[in-house]
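Working through the structure, step by step
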Amino acid sequence: MNFLRGVMGGQSAGPQHTEAETIQKLCDRVASSTLLDDRRNAVRALKSLSKKYRLEVGIQAMEHLIHVLQTDRSDSEIIGYALDTLYNIIANDEEEEVEENSTRQSDDLGSQFTEIFIKQQENVTLLLSLLEEFDFHVRWPGVKLLTSLLKQLGPQVQQIILVSPMGVSRLMDLLADSREVIRNDGVLLLQALTRSNGAIQKIVAFENAFERLLDIITEEGNSDGGIVVEDCLLLLQNLLKNNNSNQNFFKEGSYIQRMKPWFEVGDENSGWSAQKVTNLHLMLQLVRVLVSPTNPPGATSSCQKAMFQCRLLQQLCTILMATGVPADILTETINTVSEVIRGCLVNQDYFASVNAPSNPPRPAIVVLLMSMVNERQPFVLRCAVLYCFQCFLYKNQKGQGEIVSTLLPSTIDATGNSVSAGQLLCGGLFSTDSLSNWCAAVALAHALQENAIQKEQLLRVQLATSIGNPPVSLLQQCTNILSQGSKIQTRVGLLMLLCTWLSNCPIAVTHFLHNSANVPFLTGQIAENLGEEEQLVQGLCALLLGISIYFNDNSLESYRKEKLKQLIEKRIGKENFIEKLGFISKHELYSRASQKPQPNFPSPEYMIFDHEFTKLVKELEGVITKAIYKSSEEDKKEEEVKKTLEQHDSIVTHYKNMIREQDLQLEELKQQVSTLKCQNEQLQTAVTQQVSQIQQHKDQYNLLKVQLGKDSQHQGSYSDGAQMNGIQPEDIGRLREEIEELKGHQELLQSQLAEKDSLIENLKSSQTSPGANEQSSTTASAGDSEEVAELKQELATLKSQLNSQSVEITKLQTEKQELLQKTEAFAKSVPVSGENETVTAAKTTDVEGRLSALLQETKELKNEIKALSEERTAIKEQLDSSNSTIAILQNEKNKLQMEITDSKKEQDDLLVLLADQDQKIFSLKNKLKEFGHPIEEEDELESGDQADDDEDEDDAEDQDPI
């Protein structure tokens, strides 16, 4: 210390020479001293001199300081002094630099010393390893030094950290440090690290940076937080802006939902500090980064839906309609809401339903439009409202229709109690403020963008210009104001509106040309030699006249395409006309407006072009040039070709629709056939069950018959005669009646079988008959014939079953006749008088017992016969249902054959027509080639016809008999 005091005291004698010697001696002590205290004191002395004598210390001491960092890591104090000294050498302290020249020299020194330090990449790796130390005196100066290196030579240091193992991960640990100063400086370090480096941005994002940063913002109080919240938001912007991977990761991680509390600002008017305004501004910009129109459409759409689902959009609309919000925050909120709803129909519908908290409530769109056409509102606010209205109508035909409908006579409020969006636009369109004219014209043009229906609807709008005069159409009023020689901004806005209105709308072109003053006005404007300021108006007039030619349907005889082109050639000249048309795209503000959809202008006089209009100019400039140079004969031939192609398209479309309908009908018939198949399978299973039940009953009957035969043999002949003697008149008669009934059933079944045989023979004859039906049969009819064959097989099986049953019935009849004969024989052989009455009485008692047993068995047999008759009845019903199924299938088959025949005839006709059309098209193309018109070799129509021919060939192959 005494040495240092002596050095400092001798500065006045020779400061330059003395300080250089002092720094040299201190460096020697750092390099040669063996005691740690001596080296520590020398480094501390260098630190004190490093701010004032930055160049000398940097030149002489940097190498020794780096050596200290390598060798003395065990002592945190000397490491901290060394890091502070290096920071003073490399960093540019802006507070002490006052003059411009000294500031430039300081920047040069910092970049030079940084280049020397990072020349050895091991130095940066050493610095990263030192950041792992938890000691405050090491970690904090290390963070500051690395931040300074990144500020001086960011890309080079980023590359070194990127290739360093675990380099980014070590830096991410700084966000988890409990000491706020290190955490906050760590955020600044990551800001410098992630600037313009997508690879590092991805690594930082996947190191859980989003979670940590959002936690810090929440801990600091969201928008009410301090400078730390601002730094975190800037780091989030670095990670998300122009980085689609990180944006997708942010959305998939449900971090959008955590942004909603940022915008809960409350209703109080106080509390809008400068820091809060800055924080909220950055938060709104962060939302815009996620839904920017420059992002991929799919990523933007998914973020827009997520913002609606988590009610972030609703929260933004609340700020939009709140009172006491600062003007810059309100403007940025309008821009943010604009991009959140742009092209997203769900969000656009919600925005249309938002009402301002007024009495009575008014739609938010109306309130915003009132600000847009109010010349006392700030310029940036009016631009933001125009952008919001454009985004609301972007790809939103429903919203476009609602805006245009407010101008139609049937929807205008006659009481005048409420003002509509359409009335505000008309008021701005015809006001004395040129900026309001331009904004209203562009807004109305967006209501017509790519919407032919609304272009036609707007032709119905009538305006009352003054009391006592008849109403004038909106189209006529626009041309009237245009011809009155108003300001350039007003005329440019009206011309852009008219060009958008008339493009792709021949009806609007006819209405425009119907006013005889319009065409002379346009030709007069184009033909005059005016100054540079009027060249843009001349170009727009040329564009409007070109649109009137290109989209002209020649419905007005006096303004046909040919006559308009002749007028241009006589009054203006084709070359002059094309030159004036090119003034639009050559204008200095044209390219600026074509870059971004948002109307961002530094001042009102730069507000000339609209982004969507630049697309229209780019689309129409070339086709209008070709249309001007085409001859009348080429126009006629082109119109004929167009008409022929349209007729061909209509014919092809008609037959394609017919084929589609036939395909649908065939599908329905196939479904019906499949249902009939299912029903047939169900009937087959039912018949199978019935057959099994009949077989079971047959087995039971045979068993009973065998048992009855055994009993009759055991009783003997005399007892059989005695048993039949008492019951002959009743039971035998019943048996005969049952036999007669069974005979009747048998005859009925035989007649039904004969009818089935005749039906089957008819089906066979219809199937085997040759002719046109067999040639035109399709796969569906073949399937029906297979089903009929299956039904025939089923009928054959049923017939065999019935035959077997009739045989069994015949056997039963013969057995009963034999029983009757036995009964009669035994009745004759019984004696008139008995030998012994006692014996006879005993026998009679025995015979009566046996007779009762036989009566019981006979009753059981009767029950079995009744069950068999019921089963035969069920079989008869099954046969009837099968009969009806066969008839239905036969009818369906006939219908299918008729429809297939008709379809083939229609397809043959279609082939003939298509061949004729192809021949006509081929001849027309040859004619066009003869006149030098370029013809594409393979267009969509030829490919479509080829596809139709392929389909017809496939159908023909399917219809060939197998």
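Values in this document were obtained by computation on a predicted structure and should not be read as measured data.

Time to look at the pattern of salt bridges. Per the counting criterion, the structure on display carries 22 salt bridges. Of the charged contacts, one joins Glu219 and Arg183 as a salt bridge, the two residues approaching to 3.8 Å between their closest N and O atoms. A residue pair is termed long-range when its members are at least 10 positions apart, and Glu219 in helix H13 (residues 209–219) and Arg183 in helix H11 (residues 180–194) qualify at 36 residues. The exposed category is assigned to Glu219, whose relative accessible area is 60%. Put simply, Glu220 and Arg183 hold a salt bridge, and the shortest N to O gap is 3.0 Å. Here Glu220, found in the loop between H13 and helix H14 (227–240), pairs with Arg183, found in helix H11; they are 37 residues apart in sequence, far enough to count as distant. You can call Arg183 buried: its relative accessible area is 7%.

This part is about the confidence of the model for the protein. Averaged over every residue, the pLDDT of the protein is 81; residues scoring 70 or more account for 78%. Here residues 94–100 is modelled with pLDDT under 50, and outside its nearest four sequence neighbours on either side it reaches 4 contacts, counting other chains as well.

In this section: the packing of helix H25 (residues 434–446) against helix H28 (residues 488–502). Put simply, H25 and H28 touch, their axes get as near as 8 Å, and they point 10° apart. What the angle tells us is that H25 and H28 run roughly parallel. Side by side, H25 and H28 meet where Ser434, Leu435, Asn437, Trp438, Ala441, Val442, Leu444 and Ala445 of the first sit next to Gln489, Thr490, Val492, Gly493, Leu494, Met496, Leu497 and Thr500 of the second. Broken down by class, the residue content of the contact of H25 with H28 amounts to 10 nonpolar, 6 polar and no charged.

Turning next to H25. Over its 13 residues, H25 runs 19 Å from end to end, which matches the ideal 18 Å to within 8%, given 1.5 Å per residue. Buried residues dominate H25, accounting for 13 of its 13 residues.

This part takes up the packing of aromatic side chains. Given two aromatic rings, one states the distance between the centres and the angle between the planes to describe the pair. Following the criterion strictly, the structure yields 12 aromatic pairs and no others. Here the aromatic rings of Phe206 and Phe249 are separated by 4.6 Å at their centres, their planes lie at 40°, and the arrangement is tilted. Residue Phe206 is found in helix H12 (residues 198–206), and its partner Phe249 is found in helix H15 (residues 244–252); the two are separated by 43 residues along the sequence. Classification of Phe249 as partly exposed rests on a relative accessible area of 27%. Through a chain of ring-to-ring contacts, the aromatic side chains of Phe206, Phe210, Phe249, Phe250 and Tyr255 assemble into a single cluster. In this structure, Lys144 is placed above the aromatic ring of Tyr87, and the distance from its NZ or CZ to the ring centre is 5.2 Å. In this structure, Lys276 packs its charged tip against the face of Trp272, placed 4.8 Å from the ring centre.

About the criteria used
Residues numbered from 1 in each chain as written. Predicted model: local features only at pLDDT ≥ 70, side-chain atom pairs only at ≥ 80, totals over all residues. Heavy atoms only, no water. Salt bridge = Lys/Arg side-chain N within 4 Å of Asp/Glu carboxyl O. Helix = DSSP H or I, 4+ residues; strand = E, 2+ residues; numbered from the N terminus. Buried < 20%, exposed > 50% of the residue type's maximum accessible area, 1.4 Å probe, protein only. pLDDT = per-residue confidence, 0-100. Contact = heavy atoms within 4.5 Å. Axes fitted to C-alpha atoms, helices over the stretch in contact; angles between N-to-C directions. Parallel < 35°, antiparallel > 145°, perpendicular 65-115°, else oblique. Nonpolar A, V, L, I, M, F, W, Y, C, P; charged D, E, K, R; others polar. Expected span 1.5 Å × (residues − 1). Phe/Tyr/Trp six-rings, centres within 6.5 Å; stacked < 30°, edge-to-face > 60°. Lys NZ or Arg CZ within 6 Å of the ring centre and 35° of its normal.

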